[in-house]
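These are the residues of each chain, in order.
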Amino acid sequence: MLFNSLEFAVFFALVYAAYLVLPLRGQNTLLLLAGYVFYGWWDVRFLFLIVFSTCVDFWVGLMLAEGRVPARQRWTTSLFLVAAAIAFVGIDHTRGLAGLLAEPQGALLLGEPTAQWALIAAIGLVLAGNLSHGTLAAMPAERRRRVMIFVSVFVNLGFLAVFKYFNFFIDSAAQLIASLGGDPALFRLHIILPVGISFYTFQSLSYTLDVGRGLIQPTSRLRDFALFVAYFPPLVAGPIERARHLLPQLLEARRVRLRQVASGCWLILFGLFKKVAVADGVAPAVDAVFGSSAPVSGTDVAIATLLFAVQIYCDFSGYSDIARGVSRLMGIELMVNFRLPYFSKNPSEFWRRWHISLSSWLRDYLYIPLGGNRKGEGRTYANLMTTMVLGGLWHGAAWNYVLWGFYQGLLLCGHRLLTGGREARAEDGGASNPVADALRILFFFVFVCYGWLLFRAVSFDQIVAFTAALLGFGPSGLPSIVPKLPLSAIVGIALLVVLDVMQYRSKRPDAVLGWPRPLQGAVIAYAVFALVMGTSNAPVQFIYFQF
Amino acid sequence: MPRAATAGVRRKALLKTLAWAGGFLALADLTINLAFPPPDDPRTPPNAIALYSDYGRSIEAKLRRDIGATDERTSLIALAGWVDRGCRQAIPAEAGRRILSVYGMSFSADIGEALEKLDPRFRSVSFGGPGAPPNHSFKCLETRFDAAAAGVPDESEVVVFGILASAVKGLLSMTGATTGFERPSPFGYPRYVVEGGNLRELPTPVPTLQAWREALASPARMDAVEAELARHDHFYEAALFRSNALDASALVRMVRRAAAQDHHRALARSVLGPSGFADRPDVGPVLQAMVLSVADRARAAGKRPVLLLIHDGASGRALETLLGPTLDAAGIDWVSTADDAPTSDPANFIGDGHFTDEANQRIARRLRERLDRPPRTPPARAPA
């Protein structure tokens, strides 16, 4: 269910209407069901993965903090997991509700391999968890902590390894497998990538890691934890929420205030405007160049890369804005995920402004545990590279993402080498020269854009060809293949630039709200107008859904 | 200040902001309507902004403006593509030239012209309509053969039947008025269905421009036209077709345009997807039966049939995949654009989606090669 679809508008209207009249407990149950409906809209079967991850991490959280899982929670978790296997994978949902009611027995898929695997996994986990419970409870605390952290990491990253990376590694090793006499096709899994799997696994994993570090107390109710994992606004494309930020808000009574509704609506409007008018508007131009099978001129590569920088920012930050706005309407604050990233003057600043929920996740759970910058310069560079390469791989199972991560690592290392790490936070305060700042921003933006070329490229050959074209080594005299931008994108980009510059200069993320009312009204009217214009653009799935 | 009072102030401030926003939107709407009205004369082209703001006007409102009481008061787009007007003309012989009658749309006409430029031995006479689907071309071809049987001379040696991949979805329509929402071309044509292995015609309710004039003048007649379109034309949507007060708002027109595009995209996807043409009984089998019928009728008239499979958009080789085996099995000559102007290379296309001149020349060369070879299956009798 896309945020920019009529289905979501109807879905959210119904959920919100019910939300406003229900008490807290009812609200949370509603939000949990809504999360499952929202996610199941893509494919009901993938809900089993969410439930599996939920049950494992809920169990692990309790084991980590209390050394045991009370019998009631064990029963609840076990029943929930097995019921989910049957309900989400063991029933043919393609028949629709009418089909299920008309012929319930025919809708059972328990003879199908997928359903059998799901049941085996569910029952296996239930047995393993319950049978090992006594042994684990009796273990020394530190050992138990390590075992339980391992279980959580293994299950969550195991999902990613199987569903996201397995075929990538098989394809990458195809030559080796073939040289050993094997058929790579036999090893490939015939599965589709569950939407947003990287987001909810990281979110769930952050909970167990934080409980393991003693930073938060585990929740004792499965329903609350299930809601934390399946809370629908950030479920498929972030922000990757932390338990210490989101969970307390889910557990406390909430009151929806007018101010929240107003700013939530503004976030939704602005997010939709960015996605529909701008990102979807420039997408055909980007696709024309990156989808071309023929040589492309350097100018076209530069234009398409620049437009992709606009597209990915508006697409992803648009999603984050809508998610934050929808959540704010319900009185729940999500993390800020973007802070004007293209106004960064260096790579270190860029990663404090771009996809903040991921970069801070990688910093807290990967870079710092690896030693961060505490173990000497050489180790710091190695840690930076490792973190960024794995961060690149997080985005997708393809070598260009690895290359993009490597490139980002190189930029960070290069910047550290030049500055000795001293400039790391200089941008956050102090007097500066606006002209010099603008030049530094423009200079670094070129590097950001080249990174996007690596990110968007469809093959290594294309990276080489496009880089050569940019450097003037490509074929000459080629006609331009970039189509004209729709009006919505042109007027949208103009508004975006003005708003972002004003926001940057005022250092206030909600600069618009401080403007005189007529001006605020004009901005809203302009955004609505551009959004309405943009509704004619062919809808494109949010880029980050594939991650 | 007490909390209730603060909330009251906030509410008032919010309402003021919303009122300003609403006011600016209304002003923008009004400004567009006043500053960029569509021209009164249907033959005067509107400027770019007027055209843009007019895209979402209802089909009926556009037809009322475009179709005047006489041809002189009718826009050129409304005069184009009519089978009864454009498919009966005589084709006299020309000494020393091989004449091709080319059926289809602008793509096929461009290729015919490119062939003429490439090799003066060939002369191309085009029959088509703006973005015409295969059912329009087929009706035009039938009309021509019927006219020839009635004595209208047709000295063409070759029948080139052009099929445009993106226009195949038009098999589900009966008029260009519904398929071309933004700039409707009102020409009508039948739909075809396959029954017992044969094509059956479902006649369009608007076979002539006069039929539209009568419908626009008579609500009862218009209701009958709409009822027929609603039954058989998948592109027809009452909310997109009927004129109403919402036509007065530029903003609402934009929303309607988006709704129309959404509707058309959904239909297009249901016909042609990333993996080729969908397995629809009202598309693939109809098209296959149609090309066989084209070949049979052309051969019976002593002409050589050549199918021109034109791939545009993101169609790849979809037409080749759908029709190639049928054409090969029946020994029908065909030329595909997929190798000479692959859709994966945007350099083959200009901004409006048509082929570049260079691409047209390459395709024309391929067509000439095919024409210079003997036909796979000779015509039933030598041309007169």
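Keep in mind that what you see is a predicted model, and the values were worked out from it rather than measured.

Peer 1: Please clarify how the overall build of chain A should be interpreted in this entry.
Peer 2: Secondary structure assignment for chain A yields 22 helices and zero strands. Whereas a compact globule of 547 residues would reach a radius of gyration of roughly 24 Å, chain A reaches 24 Å, a difference of no more than 12%. A buried classification covers 55% of the 547 residues belonging to chain A. In chain A, 77% of the contacts between residues at least 6 apart in sequence involve partners at least 24 apart. A total of about 23,900 Å² of accessible surface is found on chain A, and carbon and sulfur atoms cover 68% of it.

Peer 1: Sorry, what's going on with the overall build of chain B here?
Peer 2: A tally of regular secondary structure across chain B gives 15 helices and nine strands. By principal-axis analysis of the C-alpha atoms, chain B measures approximately 95 × 45 × 45 Å. For chain B, restricting intrachain contacts to residue pairs at least 6 apart in sequence, the fraction spanning at least 24 positions comes to 72%. Accessible surface for chain B amounts to roughly 16,500 Å². Of this, 57% is attributable to carbon and sulfur atoms. Across chain B, the mean location of the 47 positive side-chain charges is 5 Å away from that of the 45 negative side-chain charges.

Peer 1: I would appreciate a short explanation of the packing of helix α7 (residues 141–172) of chain A against helix α17 (residues 377–395) of chain A in the present structure.
Peer 2: The description of two packed helices rests on the angle between their axes and on the distance between the axes. All names here are of chain A. Close contact between α7 and α17 brings their axes to 10 Å; oriented N to C, the two are set at 100 degrees. Classified by the angle their axes make, α7 and α17 are roughly perpendicular. Residues Lys 164, Tyr 165 and Phe 168 of α7 lie in contact with α17, whose contacting residues are Leu 393, Trp 394 and His 395.

Peer 1: Just checking my understanding: could you explain the state of the cysteines for this structure?
Peer 2: Each disulfide consists of a covalent bond between the sulfur atoms of two cysteine residues. Scanning the entire structure with this criterion turns up one disulfide over all chains. Disulfide pairing places Cys 87 of chain B opposite Cys 140 of chain B at an S-S distance of 2.0 Å. Looking down the S-S bond of the Cys 87 of chain B and Cys 140 of chain B bridge, the torsion is -105 degrees, so its handedness is left-handed. Placement of the pair is Cys 87 of chain B in the loop between α5 (83–86) and β1 (98–104) and Cys 140 of chain B in helix α7 (residues 134–149), with a sequence separation of 53 residues. Across the pair, Cys 140 of chain B and Cys 87 of chain B agree in class, each one buried. With no disulfide partner, Cys 449 of chain A has as its closest neighbouring cysteine sulfur the one in Cys 314 of chain A, 13 Å distant.

Peer 1: How should the interface of chain A and chain B be read in this particular structure?
Peer 2: Interfaces are often sized by the accessible area lost when the parts come together. At the junction of the two partners, chain A supplies 28 residues and chain B supplies 26 residues. For the chain A and chain B pair, buried surface summed over both sides reaches about 2,300 Å², with 72% attributable to carbon and sulfur atoms. On inspection of chain A and its partner chain B, the count reaches two residue pairs in polar contact (both at pLDDT 80 or more). Elements represented by at least two residues in the side of chain A that touches chain B include exactly α13 (258–290) and α22 (517–534) of chain A. If one sorts the elements of the side of chain A that touches chain B by residue count, α22 of chain A sits on top with eleven residues. Of the residues contributing to the side of chain A that touches chain B, the split by class is 16 nonpolar, eight polar and four charged.

Peer 1: Just checking my understanding: could you explain the packing of helix α3 (residues 47–66) of chain A against helix α10 (residues 197–212) of chain A for this structure?
Peer 2: Residue and element names in this part refer to chain A. Packing of α3 against α10 brings their axes to within 8 Å, and their N-to-C directions diverge by 10 degrees. Put simply, α3 runs roughly parallel to α10. When α3 is examined against α10, the residues Leu 49, Ile 50, Ser 53, Asp 57, Val 60, Gly 61, Leu 64 and Ala 65 are found in contact with a partner set consisting of Ile 197, Tyr 200, Ser 204, Leu 205, Tyr 207, Thr 208, Val 211 and Gly 212.

Peer 1: Would you mind showing me how to read the pattern of salt bridges here?
Peer 2: Residues and elements named next belong to chain B. The full count for this structure, using the stated rule, is 45 salt bridges over all chains. We note a salt bridge from Lys 139 to Glu 201, for which the minimum N-O separation is 3.3 Å. Note that Lys 139 is positioned in helix α7 and Glu 201 in strand β5 (residues 198–202), a separation of 62 residues in sequence. Overall, the relative accessible area of 22% leaves Lys 139 in the partly exposed class. A salt bridge links Asp 146 to Arg 297, with the nearest nitrogen and oxygen atoms 3.5 Å apart. Separated by 151 residues along the polypeptide, Asp 146 in helix α7 and Arg 297 in helix α13 (residues 284–300) bring together distant segments of the chain. When salt bridges that share partners are traced, they join Arg 98, Asp 119, Arg 121, Glu 157, Arg 368 and Asp 372 into one network.

Peer 1: Whenever I open this one, unusual backbone geometry confuses me. Can you help?
Peer 2: In most cases, non-glycine residues show a negative phi, while peptide bonds are predominantly trans. Residues and elements named next belong to chain A. You will see that Leu 340, though not glycine, has its phi angle at about 45 degrees, which is positive. For Leu 340, the location among the structural elements is in the loop between α14 (298–329) and α15 (347–353). The exposure class assigned to Leu 340 is buried, which follows from its relative accessible area of 9%. Of note in the backbone geometry, His 355 takes a positive phi value of approximately 40 degrees without being a glycine. With respect to the secondary-structure elements, His 355 resides in the loop between α15 and α16 (356–367).

Peer 1: Can you walk me through the pairing of strand β4 (residues 191–195) of chain B in this structure?
Peer 2: Within a regular beta strand, the side chains point alternately toward one face of the sheet and then the other, so they alternate between its two faces. Residues and elements named next belong to chain B. Pairing of β4 with β5 involves five bridges; the strand directions are antiparallel. Paired with Arg 191 across the strands is Leu 202, a residue of β5. Joining the antiparallel neighbours β4 and β5 is a turn of two residues, in which Gly 196 adopts a positive phi near 60 degrees.

Peer 1: What is the right way to read the confidence of the model for chain A from this model?
Peer 2: Here chain A averages 90 in pLDDT, and 94% of its residues register 70 or above. Within chain A, the lowest mean pLDDT, 69, falls on helix α5 (residues 96–102) of chain A, and the highest, 96, falls on α14 of chain A.

Peer 1: I would appreciate a short explanation of the packing of aromatic side chains in the present structure.
Peer 2: The description of two aromatic rings rests on the distance between their centres and on the angle between their planes. This structure, assessed with the given rule, holds 66 aromatic pairs over all chains. The lysine or arginine in question, Lys 507 of chain A, covers the ring of Tyr 504 of chain A, its NZ or CZ lying 5.9 Å from the ring centre. The ring centre of Phe 181 of chain B lies 4.2 Å from the NZ or CZ of Lys 62 of chain B, which sits over that ring.

Peer 1: How should a nonpolar patch on the surface be read in this particular structure?
Peer 2: Taken together, the side chains of Leu 6, Val 10 and Leu 14 of chain A make up a nonpolar region of the molecular surface, amounting to roughly 350 Å² of accessible area. Positionally, Leu 14 of chain A belongs in helix α1 (residues 6–21).

Peer 1: Any chance you could explain the sheet that holds strand β8 (residues 304–310) of chain B here in plain terms?
Peer 2: Across a sheet, paired strands are connected by hydrogen bonds in the backbone, their directions being either parallel or antiparallel. Residue and element names in this part refer to chain B. One open sheet accounts for five strands, arranged β2-β1-β3-β8-β9; its pairing is parallel. At either end of the open sheet lies a strand with only one pairing partner, and these are β2 (122–128) and β9 (333–336). Averaged over all pairs of adjacent strands, the angle between strand axes in this sheet comes to 25 degrees, irrespective of strand direction. Summarising the sheet, β1 and β2 pair through seven bridges and their orientation is parallel. Paired with Tyr 103 across the bridge in β2 is Phe 127.

Peer 1: I tried to follow the nonpolar core on my own but got confused; where do I start?
Peer 2: It is characteristic of soluble globular proteins that their nonpolar side chains tend to be buried jointly. With 170 residues, the main nonpolar core has Phe 38, Phe 48, Phe 232, Tyr 342, Trp 354, Trp 452 and Tyr 544 of chain A as its most contacted residues. Excluding its chain neighbours within four sequence positions, the residues that come into contact with Tyr 544 of chain A are Phe 199, Val 236, Ala 237, Ile 312, Asp 315, Phe 316, Trp 354, His 355, Trp 394, His 395 and Phe 455 of chain A. Grouped together as the second largest cluster of nonpolar side chains are 50 residues, Val 160, Phe 181, Tyr 189 and Ala 260 of chain B included.

Peer 1: Just checking my understanding: could you explain α17 of chain A for this structure?
Peer 2: One turn of an α-helix holds 3.6 residues; hence residues three or four places apart share an orientation. The end-to-end C-alpha distance of α17 of chain A is 27 Å, a good match for the 27 Å that 19 residues give at a rise of 1.5 Å each. Looking at the buried positions of α17 of chain A, the neighbouring elements they touch are α7, α10, α15, α16, α18 (399–419) and α19 (434–456) of chain A.

Peer 1: Even after reading the chapter, I still don't get the environment of Val 301 of chain A, so can you show me in this structure?
Peer 2: Residues and elements named next belong to chain A. Topologically, Val 301 is positioned in helix α14. In this structure Val 301 comes out as buried when scored by relative accessible area, which is 0%. In this structure, Val 301 is in contact with Val 289, Val 296, Leu 453, Phe 466, Ala 469 and Leu 470, ignoring residues within four places of it in sequence.

Peer 1: I'm lost on the side chain of Asp 210 of chain A in this one. Help?
Peer 2: Of note, Asp 210 of chain A is situated in helix α10. Residues contacting Asp 210 of chain A, with those up to four places away along its chain left out, are Leu 215, Ile 216, Arg 244 and Tyr 365 of chain A.

Peer 1: Please clarify how a positive patch on the surface should be interpreted in this entry.
Peer 2: Residues Arg 255, Arg 257 and Arg 259 of chain A together with Arg 10 of chain B make up a contiguous surface patch of positive charge. With respect to the helices, strands and loops of the structure, Arg 259 of chain A is situated in helix α13.

Peer 1: Can you walk me through the environment of Leu 18 of chain B in this structure?
Peer 2: Residue and element names in this part refer to chain B. Along the chain, Leu 18 falls in helix α1 (residues 3–35). Overall, Leu 18 belongs to the partly exposed group, its relative accessible area being 47%. Placed 57 residues apart in sequence, Leu 18 and Ser 75 show a C-alpha to C-alpha distance of 42 Å.

Peer 1: Would you explain α7 of chain B in this entry?
Peer 2: Residues and elements named next belong to chain B. When the terminal C-alpha atoms of α7 are compared, their 22 Å separation across 16 residues agrees well with the 22 Å that a helix rising 1.5 Å per residue should span. With twelve of its 16 residues buried, α7 lies for the most part within the structure. Buried within α7 are the following residues: Pro 134, Asn 135, His 136, Ser 137, Phe 138, Cys 140, Leu 141, Glu 142, Thr 143, Arg 144, Phe 145 and Ala 147. Positioned one or two residues after α7, Gly 151 has a phi angle of 110 degrees, which is positive.

Here is what the cut-offs are and how they apply
Residues numbered from 1 in each chain as written. Chains lettered and ligands numbered in written order. Predicted model: local features only at pLDDT ≥ 70, side-chain atom pairs only at ≥ 80, totals over all residues. Heavy atoms only, no water. Helix = DSSP H or I, 4+ residues; strand = E, 2+ residues; numbered from the N terminus. Rg over C-alpha atoms; globule rule 2.2 N^0.38 Å. Buried < 20%, exposed > 50% of the residue type's maximum accessible area, 1.4 Å probe, protein only. Contact = heavy atoms within 4.5 Å. Areas by Shrake-Rupley, 256 points an atom, 1.4 Å probe, with all protein chains shown as cover. Lys, Arg positive; Asp, Glu negative; His and termini not counted. Charge placed at Lys NZ, Arg CZ, Asp CG, Glu CD. Axes fitted to C-alpha atoms, helices over the stretch in contact; angles between N-to-C directions. Parallel < 35°, antiparallel > 145°, perpendicular 65-115°, else oblique. Disulfide = S-S within 2.5 Å. Buried area = accessible area lost by both parts, 1.4 Å probe. Polar contact = N/O pair within 3.5 Å; in protein donor to acceptor, adjacent residues only side chain to side chain. Nonpolar A, V, L, I, M, F, W, Y, C, P; charged D, E, K, R; others polar. Salt bridge = Lys/Arg side-chain N within 4 Å of Asp/Glu carboxyl O. Pairing = 2+ DSSP bridges. pLDDT = per-residue confidence, 0-100. Phe/Tyr/Trp six-rings, centres within 6.5 Å; stacked < 30°, edge-to-face > 60°. Lys NZ or Arg CZ within 6 Å of the ring centre and 35° of its normal. Patch = residues over 30% accessible without salt bridge, like charges linked within 9 Å, V, L, I, M, F, W, Y side chains within 5 Å. Core = buried A, V, L, I, M, F, W, Y, C linked by side-chain atoms within 4.5 Å. Expected span 1.5 Å × (residues − 1).

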